[in-house]
Amino acid sequence: MAEQTEGEIQIDASPQEVLAVISDYEAYPEWAEGIKRAEVKKKDSQGRPSEVSFEVSQMGVGAKYTLAYTYRAKDGGVSWTTTAASGAVKDIKGEYGLEPSGNGTTVTYRTTIEPAIPMMGFMKRQAEKMIIGIALEGLKKRVESL
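So, here is what we can say about the structure in this document. Small disclaimer: the values here were computed from a predicted structure and weren't measured.

All right, on to the overall build of the protein chain then. Counting secondary structure elements, the protein chain contains three helices and seven strands. Taken from N to C terminus, the helices and strands of the protein chain fall in the order β-α-α-β-β-β-β-β-β-α. Its C-alpha atoms give the protein chain a radius of gyration of 15 Å, within 12% of the compact-globule value 15 Å for 146 residues. Overall size of the protein chain, expressed as C-alpha extent along the three principal axes, is 45 × 30 × 30 Å. Among the 146 residues that make up the protein chain, the fraction classed as buried is 43%.

Helix α3 (residues 121–145) packs onto helix α1 (residues 15–22) with a crossing angle of 115 degrees between their chain directions and a minimal axis gap of 10 Å. When the axis of α1 is compared with that of α3, the two are roughly perpendicular. Considering only the axes of α1 and α3, their crossing is right-handed. Contacts from V18, V21 and I22 of α1 reach α3 at L139, R142 and V143. Tallied by class, residues from the contact of α1 with α3 come to five nonpolar, no polar and one charged.

Time to look at the side chain of S50. Mapped onto the elements, S50 comes out in strand β3 (residues 49–58). S50 gets classed as buried once you look at its relative accessible area, which sits at 16%. When neighbours within four sequence positions are excluded, S50 is seen to be in contact with K42, K43, D44, L67, A68 and Y69.

The next thing to look at is α3. Here α3 contains 25 residues, and its C-alpha end-to-end distance of 36 Å stays within 8% of the 36 Å for a straight helix at 1.5 Å per residue. Listed as buried for α3 are K124, E128, I132, A135, L136, G138, L139 and V143. On the buried face of α3, the contacting elements are β1 (5–11), α1, α2 (28–31), β6 (89–101) and β7 (104–115).

The final tally for this structure, using the stated rule, is 11 salt bridges. For E114, the salt bridge goes to K90, with nearest N and O atoms at 3.5 Å. Taken together, the residues span a long stretch of sequence, with E114 in strand β7 and K90 in strand β6 at a distance of 24 residues. Here K140 makes a salt bridge to E144, at a shortest N to O gap of 2.9 Å. Separated by four residues within a single helix, K140 and E144 lie in helix α3, roughly one turn from each other. Connected through shared salt-bridge partners, E6, R72, E95 and R110 make up one network.

Conventions adopted
Residues numbered from 1 in each chain as written. Predicted model: local features only at pLDDT ≥ 70, side-chain atom pairs only at ≥ 80, totals over all residues. Heavy atoms only, no water. Helix = DSSP H or I, 4+ residues; strand = E, 2+ residues; numbered from the N terminus. Rg over C-alpha atoms; globule rule 2.2 N^0.38 Å. Buried < 20%, exposed > 50% of the residue type's maximum accessible area, 1.4 Å probe, protein only. Axes fitted to C-alpha atoms, helices over the stretch in contact; angles between N-to-C directions. Parallel < 35°, antiparallel > 145°, perpendicular 65-115°, else oblique. Left-handed = near helix turned anticlockwise from the far one by under 90°. Contact = heavy atoms within 4.5 Å. Nonpolar A, V, L, I, M, F, W, Y, C, P; charged D, E, K, R; others polar. Expected span 1.5 Å × (residues − 1). Salt bridge = Lys/Arg side-chain N within 4 Å of Asp/Glu carboxyl O.

This is the structure in structure tokens:
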């Protein structure tokens, strides 16, 4: 079983405000490093994106993948899993957990990425840590600037 990598950050906004930015997938190319395109393919019964295709490129490595999203109750976060992938990525699973904390929200990002090319475990976890760090900092900057 693959190990999850995780990171955490404090954001000065409510879980509802943080989730609104997280679930605005089509805006990711404006602020999320490496995401070139995002397109909502399906929505759930509440009108939230439930399947989104992405085109990414980081450090000269590209991938296209589609993720299926499941939302937690009471703005508690969102999790995802791959429905299709090509390029540098075979499979992605992950989640954003959102917990009210003081005047803001503690955001925990967990992910497991299976690359399409063989990669030593240590290198894979280091890449996941870098991706998580970039994602959390970008999310914080985006949410707090709105």
